[in-house]
Amino acid sequence: PKMVPEMAREGTKISWDEALAYAGSLSREQLTDTSGCYCYRCVPCGNFPLGCGYSCGGNTFSYALSTIPFGCCALPYSFVGPYYQSFKRDGELVVVDAENKTLACFTGGTHCCYCTQ
C-alpha cells in the first residue's frame, strides 16, 4: 500500500483511518507546525483549486486571510490531537504530509479537500 504522504502528493483520496494512523505517528510539533499560505483543493473535483488563505498555525488552524468566506475553509479549527476540529464539530483537518505541511479536510468521515502549501 502507498504511504499517506505519497497519496497526498498525488492528490489521491485518503481514508479517515489512514490519515489518523499517519498523524498518530507524528510529534505534536509536526502536527501544529501549520503556519503559512495554503491552497484549498477539492478532491472530488480532481483537486481543482477552490481558493487560498493564510493560517497562523499552532493550536488553532484558522484562515485569517481567506479568499473563501464560507464553508469548511472559512471555519476556525482547534487542535484536539492528533487532528484539528471545527468549532461546530462537523469537520476535521489532519496533517497527511508533515514535510510539505499538507492537511486533508474531512466532513462526516469523508475526505473532501486538501490544504496544500
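As shown above, the structure is provided for reference.
Fair warning: this is a prediction, and the values are worked out from it, not measured in the lab.

Participant: Quick question: what am I supposed to make of the pairing of strand β9 (residues 110–116) here?
Facilitator: For β9, the tally of buried residues reaches 6 of 7 residues, placing the bulk of the element in the interior. Pairing of strand β1 (residues 36–42) with β9, which is carried by 4 bridges, proceeds in the antiparallel orientation. Bridged to Cys39 within β9 is Thr116. Here strand β8 (residues 102–107) runs beside β9; their pairing, made up of 5 bridges, is antiparallel.

Participant: How should the environment of Gly36 be read in this particular structure?
Facilitator: Relative to the assigned elements, Gly36 resides in strand β1. Classification of Gly36 as buried rests on a relative accessible area of 12%. Put simply, Gly36 and Gly53 are 17 residues apart on the chain and 8.4 Å apart in space, counted from C-alpha to C-alpha. Contacts of Gly36, omitting those with residues within four sequence positions, involve Gly53, Tyr54, Ser55 and Gln117.

Participant: How should the packing of aromatic side chains be read in this particular structure?
Facilitator: Note on aromatic pairs: each is described by the distance of the centres and the angle between the planes. Inspection of every chain in the model, using the stated rule, returns 5 aromatic pairs. Each ring, one from Tyr38 and one from Phe61, has its centre 5.2 Å from the other, and the planes form 70°; the classification is edge-to-face. Pair noted here: Tyr38 is in strand β1 and Phe61 is in strand β3 (residues 60–61), with a separation of 23 residues, a long-range link. Across the pair, exposure class does not vary: Tyr38 and Phe61 are buried alike. Arranged with centres 5.3 Å apart and planes meeting at 70°, the rings of Phe79 and Tyr84 form a pair that is edge-to-face. In terms of burial, Phe79 and Tyr84 fall into one category: buried. Feature note: the residues Tyr38, Phe61, Phe79 and Tyr84 constitute an aromatic cluster, connected by ring pairs.

Conventions and cut-offs
Residues numbered from 1 in each chain as written. Predicted model: local features only at pLDDT ≥ 70, side-chain atom pairs only at ≥ 80, totals over all residues. Heavy atoms only, no water. Buried < 20%, exposed > 50% of the residue type's maximum accessible area, 1.4 Å probe, protein only. Helix = DSSP H or I, 4+ residues; strand = E, 2+ residues; numbered from the N terminus. Pairing = 2+ DSSP bridges. Contact = heavy atoms within 4.5 Å. Phe/Tyr/Trp six-rings, centres within 6.5 Å; stacked < 30°, edge-to-face > 60°.

Everything listed here is a matter of coordinates, which is why it stays silent on function.
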